Amino acid sequence: MARNLDELTAAEVATGVHAGDLTATEVARAALDAVESRDPEVQAFLEVSADLALAAAARTDERIAAGEEVGPLAGVPVAFKDNMHLIGTHTTCASKMLENYESVFTATCVQRLLDAGATPVGKTNMDEFAFGSSTESSAFHPTCNPWDTGRVPGGSSGGSAAAVAAGEVQIALGSDTGGSIRQPASFCGVVGLKPTYGAVSRYGVVAFGSSLDQVGPFGRTVVDVALAMNALCGAGRDPYDSTSQECAVDFTEHLEDPIEGKTVGIVPELLEMEGLTAECRAAIDQARRAFEDQGAKVVEVDLPNISSAVAAYYVIGPCEAFSNLARFDGVRYGYQEQGCATLAEQTSLSRAHGFGAEAKRRQMLGAYLLSSGVYDQYYYPAQQVRTLITQDYARAYEACDVIMLPSSPNTAFRFGEISDPTAMYASDMYTISNNIVGNGGISVPVGLGADSGMPVSVQLQGPAFKDRSLLQFARAVERGCARDALVAPGFAGKGGELA
C-alpha cells in the first residue's frame, strides 16, 4: 500500500533510506510533489530548488549503492529560511532590496545539514529581514497558516514553520532574534528550538541583531529536532563565527530518560499578564499535569526584571539592525535606483525604495537611539537591564532545571487583525527575554485551543548550553500531551505520495 511522505517523520525517512526501504530520490520527488500540490495555498516557499534537491538525493543514493557511509539525515527533505545563503539559490530576506541577489557561498548551518545527507527543497518566506511576528511584512507575499489559511503562521520564520506543518518538508531551519522560531512553531503546531547563543554557527546568515540572533530547527517531533541539532553541532565550533562554541553532543541520547525528581519552574506573575488568552494559560496547566504525572516537581521562581525585557530588546535590537543593514546601500549589490544625479541621491533612494515599512521603521529607531545625546539615555540602560535579567535567570536556575511559560500570549491571529506595530511587538513578550540572556528555549505543541481550534504550545527555557536537557523535558511534554496531528489535517495526503 502506497504511503504519503507526510506520514513519516525525519527519523523515519532517514531510517528508511539507510535500510534501503526508500531511496533518497524517491523521497525528494515526493517532497517536490507535495510542495507543488500544497504550496499554492500555503505559500511557504520563496524559491523551490528542485535541481539541487534531485542532485543531492542522487548523490545519497549513489553513496549507498557503493556501500559508503551516509549522514544521519540521509534523504530527509529540508528547507531553509531565506536569510541563509545556499549556492544555487537566491537569498532575498523577503525584501525588494535583495530580490535578485544570488548566493555566492553557503552558510555553515545549511552546509552541515547537507553534509548530514539532507535534501535541500528550497528557501522559505519570512518577515522582511526578520522584522516581524506574522510573515506579513514579506515584500513578495504572505504565508498562510496550514491549520487555517485565513490566519498568519507567525514570524519571522513563518515560512519554515508552515512548510513543516503543511507536510512539505520534515525539517526546516529558522532564525530567532526575539522569538522568531518559537512563536511560529506555536502558531503552526510544530516543535521549534532556539538553541543557546553560540551553539549553532551564524556564518552565512544575514544578520539582524548580532548579539541576539540564533539559528535553530523546526520539526514535527522532538526527536526530529534533536537529529537536526546533531547535524548542526556535530562538527564542532565554526572558525568562521567568533561566537561559535563547541557543542558536539548527541542530542538524542537522553530523550527518553525519566524526569522523575527533576524540577520545573513557573513564574506566576507571567501567567497573569494582560493579553494572555485562557487557552494559552490552559496549555500551561496541561503541561504541568504532564510533568507531575511523570514525577517532576513544579515550583515557583521569580524573574523580577523580566517585565523590562521587551523595552530593552526594542532598544538593543533596532540599534544592531541599524548597524547591520547599513551595508545595503545599492552600490555593491541589491536594489539600485536608476537615473540619479549623484551617488548620495542613488544611495538614499535605493534604501528608501528597497526597504519596506517595518525595515525602515526599525532602522530609523536604531539611528535615533544611537544618536548623540540619546545613546547614553537608552542604549546603556538597556544593556544594564540585560545584565539584571541574566542574573535573574541564573538565580532561578538554582531552584529548577527548566522554566515553563507560554510560547505566545495567543494563538494564530487573522491576517490584518494586528496593524499597530507595538501590538505586534507584544507577540514576543514571552520569548524576548531568552534572546536577551542567550539561553536556549523550545516551543512544544500540547493540542488545540478550546476557543480558536488552533494549535497551542508551551515554551521551555533552560540554562546556557543545556539544550540537550531542554529537549529531554520537551520530549516529556510530548509524551504526556496528546497531539492532534503531526501535519495540518487540511493538507495531509495532498501530493507527496511515495512510489
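Residues numbered from 1 in each chain as written. Predicted model: local features only at pLDDT ≥ 70, side-chain atom pairs only at ≥ 80, totals over all residues. Heavy atoms only, no water.

Help me understand the environment of G178 in this model?
Note that G178 resides in the loop between β4 (171–176) and α6 (182–188). As a C-alpha pair, G178 and F131 span 47 residues in sequence and 9.8 Å in three-dimensional space. (Helix = DSSP H or I, 4+ residues; strand = E, 2+ residues; numbered from the N terminus.)

Is there a simple way to think about the nonpolar core in this case?
One broad trend across soluble globular proteins is that nonpolar side chains are buried collectively. By size, the foremost hydrophobic cluster in this structure holds 152 residues, and its most contacted members are C109, F129, F291 and I403. Not counting residues within four places of it along the chain, the set of residues in contact with I403 comprises G265, V267, V301, L303, Y393, A396, Y397, Q459, L460 and Q461. (Core = buried A, V, L, I, M, F, W, Y, C linked by side-chain atoms within 4.5 Å. Buried < 20%, exposed > 50% of the residue type's maximum accessible area, 1.4 Å probe, protein only. Contact = heavy atoms within 4.5 Å.)

Just checking my understanding: could you explain the packing of aromatic side chains for this structure?
Two aromatic rings are characterised by how far apart their centres lie and by the angle between their planes. Under the defined criterion, the tally for this structure stands at 14 aromatic pairs. Ring centres of Y101 and Y333 lie 5.7 Å apart, and the angle between their planes is 55°; this geometry places the pair in the tilted category. Linking Y101 in the loop between β2 (77–81) and α4 (108–115) with Y333 in the loop between α9 (309–324) and α10 (343–354), this pair joins segments that are 232 residues apart in sequence. With a centroid separation of 5.0 Å and 25° between ring planes, the pair formed by Y203 and Y240 is classed as stacked. Placement of the pair is Y203 in the loop between β5 (191–194) and β6 (214–219) and Y240 in the loop between α7 (222–233) and β7 (263–266), with a sequence separation of 37 residues. Clustering of aromatic rings is evident, with ring pairs tying together Y101, F129, F328, Y333 and F355. (Phe/Tyr/Trp six-rings, centres within 6.5 Å; stacked < 30°, edge-to-face > 60°.)

Looking at this model, I keep getting lost on the sheet that holds strand β8 (residues 297–300). Mind explaining?
Within a sheet, neighbouring strands are paired by backbone hydrogen bonds and run either parallel or antiparallel to one another. Pairing is mixed across the open sheet formed by 11 strands, whose spatial order is β1-β3-β2-β4-β6-β5-β10-β11-β9-β7-β8. Two strands bound the open sheet, and with one partner strand each, they are β1 (45–48) and β8. Adjacent strand axes in the sheet meet at a mean angle of 30° when their direction is disregarded. In this sheet, strand β11 (residues 455–462) lies alongside strand β9 (residues 402–406) in antiparallel orientation, the contact comprising 4 bridges. Note on β11: the bridge partner recorded for P406 is V458. Contacts between helix α5 (residues 158–165) and the sheet are confined to β1, β2, β3 (119–124), β4 and β6, with β4 contributing the most and set at about 155° to the helix. (Pairing = 2+ DSSP bridges. Axes fitted to C-alpha atoms, helices over the stretch in contact; angles between N-to-C directions.)

Any chance you could explain the pairing of β9 here in plain terms?
Walk down a regular strand and you will see the side chains alternate between the two sheet faces. With 5 of its 5 residues buried, β9 lies for the most part within the structure. Strand direction decides the pairing type here: β7 and β9, joined by 3 bridges, are parallel. The residue of β9 that forms the bridge with G265 is I403.

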